[in-house]
Amino acid sequence: MHLLFFLSAGVSIAAVLLICIFLFSRGIPAIREIGVQEFLLGKVWKPSSDLYGIFPMIIGSLYVTAGAIAVGVPVGVLTAVFLAFFCPGRIYRFLKPAVDLLAGIPSVVYGFFGLMVIVPFIRNTFGGSGTSWLAASLVLGIMILPTVIGVSEAALRAVPKSYYEGSLALGATHERSVFRTMLPAAGSGVLSAIILGVGRAVGETMAVIMVAGNQAVMPSSLTKGLRTLTANIVLEMGYATDLHREALIATAVVLFVFVLLINLSFSAVKRRKG
Amino acid sequence: MRNTSISKDQAARRAKRNAASLRAAVYAGAGICIAVLIGILIYILAKGVPNLTPELFSLQYTSENASVVPALLNTLVVVALSLAIAVPLGIFSAIYLVEYAKKGNRFVKVVRVTAETLAGIPSIVYGLFGYLLFVTTLGFGYSLLAGALTLSIMILPVILRTTEEALQSVPDLYREGSFGLGAGKLRTVFRIVLPSAAPGILAGVILAVGRLVGETAALIFTAGTVAQTPDSLLGSGRTLAVHLYALWNEGLATEKAYATAVILLVLVAGINTLSSVIASKWTKGNKNG
């Protein structure tokens, strides 16, 4: 039985190794064939004429993530502050499960909501098709809310109560104590929350596809469409062959490396805190 | 004297103003959050519930009638199969990490790091990996089996972590008591530790179910998008979430899509409630014990 437990524990390691092997063994040769520079910095993605530049998609992922952070983090952190320090118990008992529910809603449902509500709104307000960077940022911003709220709230609650009381005793108001003492003290926890949110936003696929427009060009404005790395894979994997298919796997390699970097920075923040 | 008292007055007023604006910001943030949440729920329910018609639940999927029943059945099969693979693996791994491994064991560290990595990998990367390994290399083709295997790797870290936490929260007193009565290691783990950790583990499993039900990206290229219930596990079939995506992709049947979204929402809400009920029962039980 001991051996069985040991082997089970090894499955995680084996899974990561297998994922690396399968992605890298197909992706790296493709990148080499296309040329590292042409692949990563090439601005044209046109598989029909053998042009595989994913720079627009890298930028697209970065833009969408930045947008999601800009939307989700202020609202999320303020909501966490509300839940931790301002919320009457009666409202909390309703609000907390509601936020958890928000975390559980499948991403296609978010995408569908974005498509039916946010996209038409943008279309009517700013013109254009509505599927855009802005739409994707709003939808993703909503999607990362539960992550940001949950982790930030836990961090805020972990700050010793004596900090707050000390601040009050020095004559600060409740609000000032919360914002000048508790929030900075929970800083690294809030930062972890943001990094987790970034991870979720970078990896999100289905909701983005439905609202971002998916044009494989450099994003030009907030109300124009863009394509993310994840979208690139889902949209074309179904019919891609040969080098095109390998290029999509290489796209996943780039995505994978991004996520590893995010994970590393997350554990760095966690280590500093501990 | 006069001067200082005035400035004190001003300072007090400024402090009050500051406090008011900070409070306003907090209420605005929370207000936006609540409004969005309620907005989404009401919108989906309002648009979807009227479309929950009887023919939506007819047994056969046809192009005129995008019935959700095959998708529901496929979802059940995929969830059951993924759990059957991932739950034992996750629990056994956690048992090893918590009960068997020595402190500071290098292997344990590697397992933790890899589990964290697995938890962070985007689902589309899982999808691609599942496609490369299960669909093509192992030759399962687009099938429920390939989908379930892919998803089981995806939820493994969820189960592993929640089980680990649950096991760690079992007091050492229990273990010592069991050893003191002459039970062996294995007996202690299965008779004493696991039962006391069961509610925590169960909450984790239910969390994983929620993720499975909502998963799309990892399934499109592993389980495929066929709208029927396949004859065997090696056949392709779409789950409910994939069904919703496919309905959008085909651009028809918007009302059906709304209805599907409602069903998904209700499923997830039910799963969440179940999980939190179990978790809260557990903490209450702990307090009493």
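All figures in this text were calculated on a predicted structure; none of them were measured in a lab.

Participant: Tell me about the overall build of chain B, residues and numbers included.
Facilitator: A count of helical and extended segments in chain B gives ten helices and zero strands. The C-alpha radius of gyration of chain B comes to 25 Å, more than 25% above the 19 Å expected for a compact globule of 289 residues. With the principal axes as the frame, chain B shows a C-alpha extent of 90 × 65 × 35 Å. Per-residue burial for chain B yields a buried fraction of 50% across its 289 residues.

Participant: An account of the pattern of salt bridges is needed here, citing residue identities and associated values.
Facilitator: Under the counting rule described, the total for this entry stands at ten salt bridges over all chains. Of the charged contacts in the structure, one is a salt bridge between arginine 26 of chain A and glutamate 246 of chain A, with a shortest N-O distance of 3.1 Å. Of the two residues, arginine 26 of chain A sits in helix α1 (residues 2–34) while glutamate 246 of chain A sits in helix α12 (residues 242–273), which places them 220 residues apart along the sequence. Arginine 23 of chain B serves as the salt-bridge partner of glutamate 175 of chain A, at 2.7 Å between the closest nitrogen and oxygen. Here glutamate 175 of chain A, found in helix α8 (residues 174–185), pairs with arginine 23 of chain B, found in helix α1 (residues 2–48), and the two come from separate chains. What makes glutamate 175 of chain A buried here is its relative accessible area of 5%. Counted as one network, the salt bridges with shared partners bring together Lys96, Glu153 and Arg157 of chain A.

Participant: Can you explain the interface of chain B and chain A? Please cite residues and give values.
Facilitator: Of the residues lining the interface, 69 residues belong to chain B; the matching set on chain A comes to 69 residues. Taking both partners together, chain B and chain A bury about 6,300 Å²; carbon and sulfur atoms supply 85% of that area. Here chain B is connected to chain A by one salt bridge. The interface formed by chain B and chain A holds six residue pairs in polar contact (both at pLDDT 80 or more) in total. With 20 residues, the top contributor of residues to the side of chain B that touches chain A is α1 of chain B. Looking at the side of chain B that touches chain A residue by residue, the classes come out as 55 nonpolar, twelve polar and two charged.

Participant: I'd like a description of the environment of alanine 208 of chain B, backed by residues and values.
Facilitator: Residue and element names in this part refer to chain B. Along the chain, the position of alanine 208 falls in helix α7 (residues 185–214). Sequence separation between alanine 208 and valine 135 is 73 residues; the distance between their C-alpha atoms is 23 Å. Other than its neighbours up to four places away in sequence, alanine 208 contacts Ile155, Val158 and Ile159.

Participant: Talk me through a nonpolar patch on the surface; I want residue IDs and the actual numbers.
Facilitator: On the surface, a nonpolar cluster with roughly 320 Å² of combined accessible area is contributed by Met1 and Leu4 of chain A together with Leu186 and Phe190 of chain B. Inspection of the secondary structure puts leucine 4 of chain A in helix α1.

Participant: Would you mind going over the environment of isoleucine 95 of chain B in detail, with residue names and values included?
Facilitator: Along the polypeptide, isoleucine 95 of chain B turns up in helix α2 (residues 69–100). Separated by 170 residues in the primary sequence, isoleucine 95 of chain B and leucine 265 of chain B place their C-alpha atoms 34 Å from one another. Sequence-distant contacts of isoleucine 95 of chain B, that is, excluding residues within four places in its chain, are made with Phe5 of chain A together with Tyr100, Leu167, Val189 and Leu194 of chain B.

Participant: Now, about the nonpolar core: what can you tell me, with residues and values included?
Facilitator: Among the nonpolar cores identified, the biggest contains 189 residues, and Leu23, Val81 and Tyr110 of chain A together with Ile95 of chain B are the most heavily contacted of them. The element that contributes the greatest number of residues to this core is helix α3 (residues 55–86) of chain A, accounting for 16 residues. If near-sequence neighbours (up to four positions away) are discounted, leucine 23 of chain A is found in contact with Ile28, Ile249, Ala252, Val253 and Phe256 of chain A together with Val125, Leu128 and Leu132 of chain B.

Participant: Which residues make up unusual backbone geometry, and what are the values?
Facilitator: Backbone geometry follows two general trends: most residues other than glycine have a negative phi, and most peptide bonds adopt the trans configuration. Residues and elements named next belong to chain A. We note that aspartate 50 has phi near 60 degrees; this positive angle belongs to a residue other than glycine. Positionally, aspartate 50 belongs in the loop between β1 (45–46) and β2 (51–52). Looking at aspartate 50, the relative accessible area reads 52%, which means it is exposed. With a phi angle near 50 degrees, aspartate 242 is a residue other than glycine that sits in the positive phi range. According to the relative accessible area criterion, aspartate 242 is exposed, its value standing at 63%.

Procedures and definitions
Residues numbered from 1 in each chain as written. Chains lettered and ligands numbered in written order. Predicted model: local features only at pLDDT ≥ 70, side-chain atom pairs only at ≥ 80, totals over all residues. Heavy atoms only, no water. Helix = DSSP H or I, 4+ residues; strand = E, 2+ residues; numbered from the N terminus. Rg over C-alpha atoms; globule rule 2.2 N^0.38 Å. Buried < 20%, exposed > 50% of the residue type's maximum accessible area, 1.4 Å probe, protein only. Salt bridge = Lys/Arg side-chain N within 4 Å of Asp/Glu carboxyl O. Contact = heavy atoms within 4.5 Å. Buried area = accessible area lost by both parts, 1.4 Å probe. Polar contact = N/O pair within 3.5 Å; in protein donor to acceptor, adjacent residues only side chain to side chain. Nonpolar A, V, L, I, M, F, W, Y, C, P; charged D, E, K, R; others polar. Patch = residues over 30% accessible without salt bridge, like charges linked within 9 Å, V, L, I, M, F, W, Y side chains within 5 Å. Areas by Shrake-Rupley, 256 points an atom, 1.4 Å probe, with all protein chains shown as cover. Core = buried A, V, L, I, M, F, W, Y, C linked by side-chain atoms within 4.5 Å.

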